[in-house]
Each structure stands twice: as C-alpha cells, then as structure tokens.
Amino acid sequence: MTAETEAAEMQPAETQREDLQRYGVPYAAHGEQKVIFPHRDMWLQTAVALLQDGWNMCLDVTAVDYLDKKHPALPSDIPAERFEVVATFISYERKERLRARIQVPEADPTIGSLYTIYPGSDYLEREVYDMFGINFEGHPDLSRILMPENWQGHPLRKDYAVGSIPVQFKNSRQDSPKEGA
Amino acid sequence: MGVVHNVAEDGFEGLQHNFVTAPLEKLVNWSRARSSWPATFGLACCAIEMMATGGSHYDLARFGMEVFRASPRQADVMIVAGRVSQKMAPVLRQIYDQMMEPKWVISMGVCASSGGMFNNYAIVQGVDQIVPVDVYAPGCPPGPETLLHAITTLHTQIENGELLRRREETGAGANITVEQLDGQGQSQMVELGSRT
Amino acid sequence: MSLQTPEKQSPNTQQIENALTQQLDLLPRRDAVLRMSEVRAAEVADQPVSDDDDQTMMMNMGPAHPSTHGVLRLMLELDGETVVRSKPVVGYLHTGMEKTAETLTYLQGPTNVTRMDYASPLFNELVFSLAVEDLIGIEIPPRAVWIRMMMTELNRIASHLLFMATNGMDLGAVSMMIYGWREREQVLRFFQKVTGLRMNHNYIRPGGVAADLPDGWEQDVIDLLDMLPPRLEEYDILMTGQPIWRDRLQGVGVLTQAEAQALSTTGPLLRSTGISWDLRKDMPYLAYDDVDFDVIVGSYGDSFDRYAIRLNEIRESMRIVRQCVEKMPVGDYKAQDKKVTPPPRTRIDESMEALIHHFKIFTEGYKVPEGETYIGIESPRGELGCYIVSDGSAKPYRMHIRGPSFVNLQVMPHMMANGLIADAVVVISSVDPVLGEVDR
C-alpha cells in the first residue's frame, strides 16, 4: 500500500514499526507517543481492527480546531482539514497507548461514531459534538452534554470568542463618590 | 427572690434584675442571627472548604449553623460556594426563590463574587447578577477562617438590620408582599424592600 | 434504544456489524440508559397519572441534591421505587477551562487545571506539567520527581479520606463524615505548610515544583503516617466489619468486568471488577518503579469492593510516602533550565539579568516547541489524561483533559438498573465523581 511506504519514507531514521504498520494507515512514533492517521472513510474499519488487535479501551475522544494553523507533526501525504478528531486507545497486554488523528473537513463535519465498537466513547463524542459541532454518525444520542440544550454555537471552535466581559464593580466608590467627600 | 405576682403592687425591684427589656426588633434579630441555617449549595472547590468548615476542627456549630439544610424551604442562608455556570444560574435562582423570607446570601470565593479567573462564555460573572448578595468572602477558595469571618459579618448585619425591610441599596426581597392592615378595614399591599 | 448501522462510510459493513453485536452484547443492561432530552423529560413528567400499572414516573434528582456530590443531576425513570432507566445530566459546573487554557501561558496553566478535580488538585498539575515537559523535552531533577510523588500520594490519601467521609455521609453514617474531615485536615495542614494553600496549590509546575520542602518536613510526614493507621482501624471498626454497612453496600451497584472495560472505566471502578490495572504499576511514571507497593483489586465489582479498595489504597499510599521520606534525594527541586523555570528569589536581588529573566518569564512565558502529546497518570479516580497541542507559542493551542470522573459517569445507568432509588445514592457515592472534573 502506498500510504505505508510513504509513511516509512517519512521517517527514515526510525525503525519500521511493525505494530503500527499492520493497520495499513500512515503512522508516526516518537518516544511513547504512537500515532496513526486513518482516513475518515476508513475510520470505523480501522477501529474494528484496533479492537481485534487488543486495544482494549477507548480512553479519550477529543478534537482540535486548526482554523488556519498548520497541523503539528502531520505526515505530508495527508491533506490537512480544519478539524481533527483525536482518539486515544490503551492496551492492557502491551501496556501502551495509541492515538488516532482523523482529519474532518469543515464543509462536512461528520465522522462515524465509535459507540458500537467502543461503547465507552458515548459521552466523549457527545462532548466533542457539543464543543466543536462535529457529528458522529450512528451515535445513539448525539445531544449537548455540557452546555444548555438551547445554547447557540460550539464554544471550543477557534472562531468562537472566549466571551470574556469587562469586570464590573458594583457600588464602587469611584462611580458614586460620597456626598461631601 | 421569688416570683412576682403583680408588678403593679410589688414594683420592679421585686424582679431583682432577672429580666431584660429590649425592642422586639433587636430580640428577633438576635435570635435570627444565632440560628441561621445554611442551605447546602455546594458547587465547586469552595464547597469542599465549606464542608471542612462544618467539620470538627472549625466547627460551624459554634455559630448555630451546623444544620445544613437540603431543602431550601428550611434554610435561611444560602452560601453560594463556587463558580456559577450559565446552566446553573436558573437553578440557583429557583432555589433562592424557594427559600423563605428572611433570607441571606453569602457569595463564597472569587468565582461566585466576580467570576474570578474564569472570565469566559460559561461562567456568570458574579452571582450578584442573579441573587442579592449580603456578604462576599474573598479567596480561591476561601479558607474556613475566611468563611467563618464572612458568617460572623453576616450575623452582625442581621443583628443590626431592620426586621421586615431588606436592604435598600440592593433592592432585595424576592418580591414577597405582605398585607398590612392600616386600620381602615381595607388592606393595602406593601412590597418588602421599598418604603412606600 | 435504536441502533443504526452506519451506512455512509462502510464498504465493509459486515466486519463492523460483527464488532457491533459483540461489543454491545457486553452491555446487557444498556436498555437502562435513558436517552431523552430535558424538554421531552419535562413533557413526560407533566403527563397526567393514569390507572395503568405500566406507567412509570420521571423523577429529577439534583443538581442541588445533598448526595449528588456537587451538581450532578439524574433523570430517573421509576417504576414504584425501582429505577428502570436513568440518565446523568452534567454540565452544571461547566467552566470553560479548556477554552481559558488557550489564553493562559504554560506557566499559568497549572492554576487553571488545578481547579478541575478539586479533591485531588495536585494530580491535575502533575499531568499538565508532565505533558508540557514532554513537549519541551526537559529532564526533571530527581528530588523534584520524588517531591511530586510524595505530594501526589499524600493527595491521594486526602482524596480517599474525602471519599470515606462523603460515602459515610451519603449512606447515613454521619459520624464517619466528621472522622474523614478530621484526618483530611491533618493532610491539608501539611499541604498548607509546603505550598501555602490548602487546595488549588499551583505547586507542581512545568520544570519541577514551586518551592522546596520546608525545614522539618520529615517529622511532619512521619507524624502524619503514624497518626493515620489507628484512625483507619477506627474506620474498620465503625464500618468495614459492621453488618449494617456491609448489607448496605455488598451486592449493590455491581459492575461486571466486561461492562467496565467496554465503558472505558478506569481507577477503583475498574479494579473492583478484578482487573489489575494501575498506571503506577503497569505504565510507571515519575519514580514508581523504585517504590514497593501493591495494587488493590476487588472481586465482586460491588460498592463494598470499591469502598474497600479505596480504604486500602490509603494504606498503600502511606507505604509509598514512607519510602519517599526514606529515599528523598538531595539536590534541586526544579530544573535549572533558564528557559522554563524562574531564577531563585535571592538571585533577583543580586543580578539585573535575573530580574529581567524573572520579569520576562512571568509576563511573556516561555515558548514550547510545536507538537502534540498525550500523557496519562493514575489519579484517585482513574486515568487522568492531558492532551496538549502546541503551535510553538507561549500558550497552548489546545489543552484537553481526559477526566476520569467524566468517563466513569457512563456506568451509572448500568449500575443503577433495576435497583432501588436508595441504592442509586450508593452508586453515585461509590463512583465518587468530582463534578469539577466532569464538567471542566
């Protein structure tokens, strides 16, 4: 597969990682950090392969909004998109973690839901939906989890303002000087 | 010594100083200050310190406040302990409205008082935008000593306050009205918190 | 519950369907998960009562309920007193910390994350610092590593004591609450001596710790460790062996091994089902390789196991702390990397350079190389993870905390299924969520 060879070319210094090669997707490894870069359309198949390969648990699902930033440490053959869903898995036998970074375009922010494969991703995906507005297809109850149900917008997107307001001081002496003072 | 059966005959000397006279207002305020039960309204980190204040070392019972009431109907003081999120704000207001008059609010910690370090979309910048606050306790989180000081400050306020009317400057009072009979046989609504 | 097979992105649907049936079969009680919006729940609750025996009742518990550990809200569907379905509703303490983190420098970061899990603040600081150090690639002096280990283990003791107190209080053993606070105060007193604060310390920072241990700290810690064992014996007498306590907890809120794994549970919840998984042992960080301790594992997965695990983890943490006191190396308490750590206070009076350096590091912060990393540690509640993306500036581009309480909440409907409403309180208490970490 071309992706494999290209990924191998990308890291000439690193030894070939058989444990990461077998999923047929580009990968990178530095220290204890192991990352694979599955394509969005192949995400669920990759997840099934991960499950069958002994990655017991989906620890974390989150996302990053690279509005106009360069993605750090992204292989050159992967087209960068605005959103990136990041899922972390852990294996008891190997005692290591694996991270998957999936590019999700702004025009169609959808990705398959891990719920049927790793049911523990339920709340995590709801949080990503709430904070980034990324839809997880096949999720049983994709609704807001942290913000109120009628909230507008997705707060962790980079084009969503922090929403800080100037601090107001009530009854401050400056505004209402004492009479006769 | 002895029981005075008839003050008019025996005179006040018969009581031998075993009585106290005071305005009713002072008496009621005094008793209110000494048994102001707090509502459990722990939100965040400050709630842990609030519970620590209720623990054996700091002993909130010294101030007649060890009875944390789960039901707002039985509580007098609401200690807003922690940051108030936009999602929590309506709940907080509802609980405040459910409390019986007279009621007081302590804003515990900077998050409750002004939003603190979290000046963002999620946090209400000061609980005084939702409910009237009597005492602000600074700190992040305020130690039990600070909370105790806030409580004694509140007690002083209660003792020096007026019986029926709430503070003018904050316009507090949760819109409770009492019927006042003016002797003309016809009742007139008086809103607490205003002089008219 | 409706399960839709993903249609769009599946040329290989068969494989996914196999996995689907396999994985969801691990969750036999998944029908107990209530999936209903708040608006719909309010509508259902307003429906008139019918004579129909099958009618269930929607009941709301929280967010201001004394046994919900803060502001957790539960939507319960009840049949009489039995919980049919339930849904934890969270977000009442959502603080936007991940957004705020993007506006704070790496030096200010610990002040932000420490307010997440406020029952064990040092762990949040530790995981954030470890992630930043991983991105920068600096070595931490051994003394700083051991100070971090000792302080976090003491924090684990404090956190579990808090659990003992609240667990007792939730179940009606109010005197237990007083005892738990009494012991926790002693630990907090030591924290105050070291860090200056009782909570939200901002003590562990990228590059080391904020200050060295004060003079005479050994005796303080030894006193603490000598004080605790008899007190824990008291807990045993008061609760562990007591028939009322056992009846209340044993067999309540049972979690199976398969459920725990499928739902990504970590920490005492996972260990109560018999899986020996503790990051301190299995994927050691800091210097956990060099200390001797045991992982406490349960066998039934019920609330009593979780209580017993936490009680015994206090004892194991005490073992670790004792070894920390014995083996504490001498040397620096923070890395002497001028880029990351401020100069010592005394140098500022002597040297103009140090003053400028001090000023620059606290106003501008320091730049962290571009990259992304995930670090996980074992907090009292499970795997606490920190994912940081750096764009090369002085502020994180994205900071995400994987809160163990947040993920652990998912098991609640499964554990409450077909139990009594009084047992729901036991379940909440034994999951031991900290809502600051759930909502962040």
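Before reading on, note that the structure itself is shown above.
Below is a short write-up of the structure. (Residues numbered from 1 in each chain as written. Chains lettered and ligands numbered in written order. Predicted model: local features only at pLDDT ≥ 70, side-chain atom pairs only at ≥ 80, totals over all residues. Heavy atoms only, no water.)

Brief notes about the overall build of chain B
Piece 1. When helices and strands are counted, chain B shows six helices and six strands.
Piece 2. Within the span of chain B, comprising 196 residues, buried residues form 46% of the whole.
Piece 3. By sequence separation, contacts in chain B at least 24 residues apart represent 70% of the contacts at least 6 residues apart. (Helix = DSSP H or I, 4+ residues; strand = E, 2+ residues; numbered from the N terminus. Buried < 20%, exposed > 50% of the residue type's maximum accessible area, 1.4 Å probe, protein only. Contact = heavy atoms within 4.5 Å.)

Structural notes on the packing of helix H2 (residues 24-33) of chain B against helix H6 (residues 144-160) of chain B
Residue and element names in this part refer to chain B.
Piece 1. At their nearest, the axes of H2 and H6 sit 7 Å apart, and the two run at 160° to each other. In terms of their interaxial angle, H2 and H6 are classed as roughly antiparallel. Judged by the sense of rotation from one axis to the other, the crossing of H2 with H6 is right-handed. Contacts between H2 and H6 involve Asn29, Trp30, Arg32 and Ala33 from the former and His155, Ile158 and Glu159 from the latter. (Axes fitted to C-alpha atoms, helices over the stretch in contact; angles between N-to-C directions. Parallel < 35°, antiparallel > 145°, perpendicular 65-115°, else oblique. Left-handed = near helix turned anticlockwise from the far one by under 90°.)

Digging into the sheet that holds strand S6 (residues 371-379) of chain C
Residue and element names in this part refer to chain C.
Piece 1. Judged by pairing direction, the sheet is antiparallel, and its three strands sit side by side in the order S6-S7-S8 without closing on themselves. Two strands bound the open sheet, and with one partner strand each, they are S6 and strand S8 (398-402). Here the average twist between neighbouring strands, direction ignored, is 10°.
Piece 2. In the packing of helix H5 (residues 121-136) onto the sheet, contacts are made with S6, strand S7 (382-390) and S8, and the angle to S6 comes to roughly 150°. (Pairing = 2+ DSSP bridges.)

Considerations on the packing of aromatic side chains
Piece 1. Within this structure, the stated rule accounts for 11 aromatic pairs over all chains.
Piece 2. On the numbers, 5.6 Å between centres and 10° between planes, the contact of Tyr66(A) with Tyr397(C) is stacked. Residue Tyr66(A) is located in the loop between strand S3 (57-65) and strand S4 (83-91), and its partner Tyr397(C) is located in the loop between S7 and S8; the two belong to separate chains. We note that Tyr66(A), like Tyr397(C), is buried.
Piece 3. For the cation-ring pair, Lys158(A) lies above Tyr397(C), with the distance from its terminal atom to the ring centre recorded as 4.0 Å.
Piece 4. The ring centre of Phe293(C) lies 4.3 Å from the NZ or CZ of Lys281(C), which sits over that ring. (Phe/Tyr/Trp six-rings, centres within 6.5 Å; stacked < 30°, edge-to-face > 60°. Lys NZ or Arg CZ within 6 Å of the ring centre and 35° of its normal.)

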